[in-house]
Structure formats: structure tokens, C-alpha cells
Amino acid sequence: SSDLDPLVIPADTKASLLMDQGYETTAFPEITVSGGKGAQVDIRYAEALFLPAVQGQPRDKGNRNEVEGKRFLGPFDTYLADGGAHRLYRPRFWRTYRYVKLDVATAEQPLTLEDLHGVFTSYPFQRKAVFQVQNGAGQDEEVQRILTTGWRTARLCAHETYMDCPFYEQLQYGGDARIQMLVSLYTAGDASLMRNGIALLDSTRNADGLMYSRAPSGLAQYIPPFSLWWVGMVHDYLMYTDDARFVRQMLPGVRAVLSYYGGFQKESGSLGRMPFWNFADWVTGWPGGEAPGDENGSSAVFDLQLALAYDWAADLEKSVGNAGMSESDRAEAAKLKAWVVKSDWDAGRGLFADQPS
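Quick notes on the rules
- Residues numbered from 1 in each chain as written.
- Predicted model: local features only at pLDDT ≥ 70, side-chain atom pairs only at ≥ 80, totals over all residues.
- Heavy atoms only, no water.
- Helix = DSSP H or I, 4+ residues; strand = E, 2+ residues; numbered from the N terminus.
- Buried < 20%, exposed > 50% of the residue type's maximum accessible area, 1.4 Å probe, protein only.
- Contact = heavy atoms within 4.5 Å.
- Areas by Shrake-Rupley, 256 points an atom, 1.4 Å probe, with all protein chains shown as cover.
- Lys, Arg positive; Asp, Glu negative; His and termini not counted.
- Charge placed at Lys NZ, Arg CZ, Asp CG, Glu CD.
- Pairing = 2+ DSSP bridges.
- Phe/Tyr/Trp six-rings, centres within 6.5 Å; stacked < 30°, edge-to-face > 60°.
- Lys NZ or Arg CZ within 6 Å of the ring centre and 35° of its normal.
- Core = buried A, V, L, I, M, F, W, Y, C linked by side-chain atoms within 4.5 Å.
- Axes fitted to C-alpha atoms, helices over the stretch in contact; angles between N-to-C directions.
- Left-handed = near helix turned anticlockwise from the far one by under 90°.
- Nonpolar A, V, L, I, M, F, W, Y, C, P; charged D, E, K, R; others polar.
- Salt bridge = Lys/Arg side-chain N within 4 Å of Asp/Glu carboxyl O.

A. Expanded view of the overall build of the chain. A tally of regular secondary structure across the chain gives seven helices and nine strands. Along the first, second and third principal axes, the C-alpha atoms of the chain reach 80 × 55 × 50 Å. Looking at the chain as a whole, 44% of its 357 residues are labelled buried. Within the chain, contacts between residues separated by at least 24 positions form 71% of all contacts whose residues are at least 6 apart in sequence. Carbon and sulfur atoms make up 53% of the accessible area of the chain, which amounts to about 18900 Å² in all. Between the centroid of the 34 positive side chains of the chain and the centroid of its 45 negative side chains there is a distance of 2 Å.

B. Broad picture of the pairing of strand E4 (residues 76-80). Residues of E4 alternate between two faces, with Asp77 and Tyr79 buried on one and Phe76, Thr78 and Leu80 left unburied on the opposite face. Here strand E3 (residues 40-46) runs beside E4; their pairing, made up of five bridges, is antiparallel. Bridge pairing in E4 places Asp42 opposite Thr78.

C. Broad picture of the packing of aromatic side chains. This structure, assessed with the given rule, holds 19 aromatic pairs. Ring geometry for Tyr123 and Phe125: centres 4.8 Å apart, planes at 55°, overall tilted. Classification of Phe125 as buried rests on a relative accessible area of 3%. Put simply, the rings of Tyr173, Phe226, Trp277, Phe279 and Trp282 touch in pairs and so form one group of aromatic residues. Sitting over the ring of Phe50, Arg59 keeps its end group 5.1 Å from the ring centre. The ring of Phe28 carries the charged tip of Arg90 above its face, separated from the ring centre by 4.6 Å.

D. Representation of the nonpolar core in the model. Of all hydrophobic cores here, the largest spans 48 residues; its most connected members are Ile198, Trp230 and Val254. Counting only elements with at least two residues in this core, the list comes to helix H2 (174-188), helix H3 (192-202), helix H4 (224-240), helix H5 (244-262), helix H6 (300-319) and helix H7 (323-344). For this core, the element with the most residues is H5, which contributes nine residues. With near-sequence residues (within four places) excluded, Ile198 lies in contact with Met181, Trp230, Met233, Val234, Tyr237, Phe246 and Met250. One finds Tyr79, Tyr89, Tyr97 and Leu102 within the second-largest nonpolar core, a separate group that totals 18 residues.

E. Quick look at the packing of H4 against H6. For the pair H4 and H6, interaxial distance at closest approach is 9 Å and the crossing angle is 35°. The two elements H4 and H6 meet at a crossing, and its hand is left-handed. Each of Pro225, Leu228, Trp229, Val231, Gly232, Val234, His235 and Leu238 in H4 lies in contact with H6, whose residues at this interface are Phe302, Gln305, Leu306, Leu308, Ala309, Trp312, Ala313, Asp315, Leu316 and Ser319. Classifying every residue of the contact of H4 with H6 by side-chain character gives 13 nonpolar, four polar and one charged.

F. The pattern of salt bridges, seen in detail. For the coordinates displayed, the defined rule picks out 17 salt bridges. Two residues, Arg95 and Asp77, come together in a salt bridge whose shortest N-O distance is 2.6 Å. You can see Arg95 sitting in strand E6 (residues 95-105) and its partner Asp77 sitting in strand E4, a full 18 residues away along the chain. Note that Arg145 and Glu141 form a salt bridge whose closest N and O atoms lie 3.5 Å from each other. You can see Arg145 and its partner Glu141 sitting in helix H1 (residues 137-156), four residues apart, about one turn around the helix. Residues participating in the shared-partner salt-bridge network are Asp42, Arg44, Lys101 and Asp103.

Structure below.
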């Protein structure tokens, strides 16, 4: 902060400063220094610090508010001071951090740190929705804290595209983005980044009808269920915007996705074994997040998701006057639902099984 007094690092000295923003942010860090010709300044960024490594165990962050005895791991920018006065340095792309670690190694001249601050950046959503708990001041206070954290998360994950996380991958995944789009619609009433995301994912569609799991991306990765969630995005867009022309433009993609899936459906309508990474959710006991299925592929999770997509497509086709295609999609959905009830429903337990067996 510019409110702080300048800090002088003597010549031939190594110094480290660990700073806590108090919460995660996405910003352009700006540092202003004077003097210190030949000094090296490393600005390191982390969302949390790590506990000491345990062999054979994944790295653990523990309580993110605690720093004692922990390791600082994260990307960094390096600046070499030229000895001039009031030199301002900033990276060409924003950084993500809660913690900032400043490592300085001076040469023959002392270096004066005059200022270090961040210029916040994200997509310019405006929070318009209000949610309150009536007749419960204590409860409402807790809800507002949760909503504040949630809205900060939504903002940090929205820049030129949505992204699954601002610190690590920074990629617009179909499964993540659909939820983020709904948050934007409900909280900000803004569908602009949503429309962009739908179009970007559609632009990756291959000749078979399947889309990349994330877009834009220079690396082809396929998670087939994410193409079904993309159909859901188009349906959400139909329900919450007045842009029938764009919906119509996306219909070839909707049909292509369902045509791809249709090639793996058995006579019952249930899906056979699907290629690529069929991620559903990070559930303990589901290797790679894939929902269990029988040897022939039948899985209630994916059958029901496909039924959802057929129902969404039926609504989309009806919205543009394609009654015949709408009826066909609705029939496919009904067939799948009947199969799942017949093969997966356990009336005694009141639960659907993950797969017929």
C-alpha cells in the first residue's frame, strides 16, 4: 500500500517479506523502487502455503490462514533494478494470489521499496441480486458471508472467459462453466460472457459431433458428458435471454452432440461403453471421477444425463418451430427414463442403483 513508509534494503543484503492479502484476488501487482542498481526482486504468488511434504502423500495446505512452518510454492516475476528513481514494474498479465512473498537481493547499492499494491481485474459483472434470511439476523449474517465469498469466487473465475480456477488451470471447462453461467445470470443478470463461452465450446466441435472439454485450448481433451452439459447451456440461454437467433445458430451443434451419443445407445436406449474420459464427479470410489457402469456400459448417471439432454433439445427444437424433431427428442428421453426405472430402481431401498447389476 502507498500508505506505508518506504522500506530500505541495505547494500549486499538478502531480505524476504511475506504478505497476506487476507483473501484471494486477481490483480496486476505493481511495485515501485528507487536505487539499488543490480538488485534482483522476485515477487512470488500463492493462494495458500503448504505443509511439509510427506513421502507418498499428496501435498496438503492445511489451514490456509496459517503460515508457520509451511512452504511457499508458486509462480514468480523477477525484476532487475537499474538504479533509477521511482521505477514502476508490473507484469503483462494479471496474477492470482492471497499471499505475496517478496525476495530481494541487493548488490552494491541499497534499494528503496516505495510501494507495492495490486490493481484488481476481472470481468465487469455487477452484483444485482439480493438474498436475505428474514426474521433471523444471525442466520442472515452467516448467509451474507457465504454469498460474499461466493461472489468473489465467481468474479475471480471470470475474465476474458470463464475459468475453472484463477490460480491453476485457468481453463473454461464445459462442466464448470455451465454452473458459472447460471451464477452470472441469477446474480448479475448478464449473459454476455455466457454467450461467448457457448460459442467458443461450439467452435471446437469435431466431425463426430463431440466438443473439447474446455475452450479455448490448444490441447484437444474430450470429456463426452461435458458436451451434454453444453446442450444444457444452450437451453439455459433460451430460458433466460431473448436471443432466439443465437439459439437457432447453436441447434446444429445440439443435434451433432446427440447424434454422436446416439451411435453408442443400445436398443433399450441405454448407453454402451463410451470412449474418452467420462467424468461425472469427484466421488470417493469413482476412479477418475467416472460413474460406475456395467461391463456393457449401462450407467444410471450417464443414461439420466442423456435423458436430460434429449429433453433440453426437445425444448430447443420446439422453440424454433421444429415440432417433429422436438417429438423425436422427447420420445428418446422417455425411453431412457423408462429403462432406468425398470433396470436401476430399487423399490425396497427407495434408491436408484448406479448400474443395473
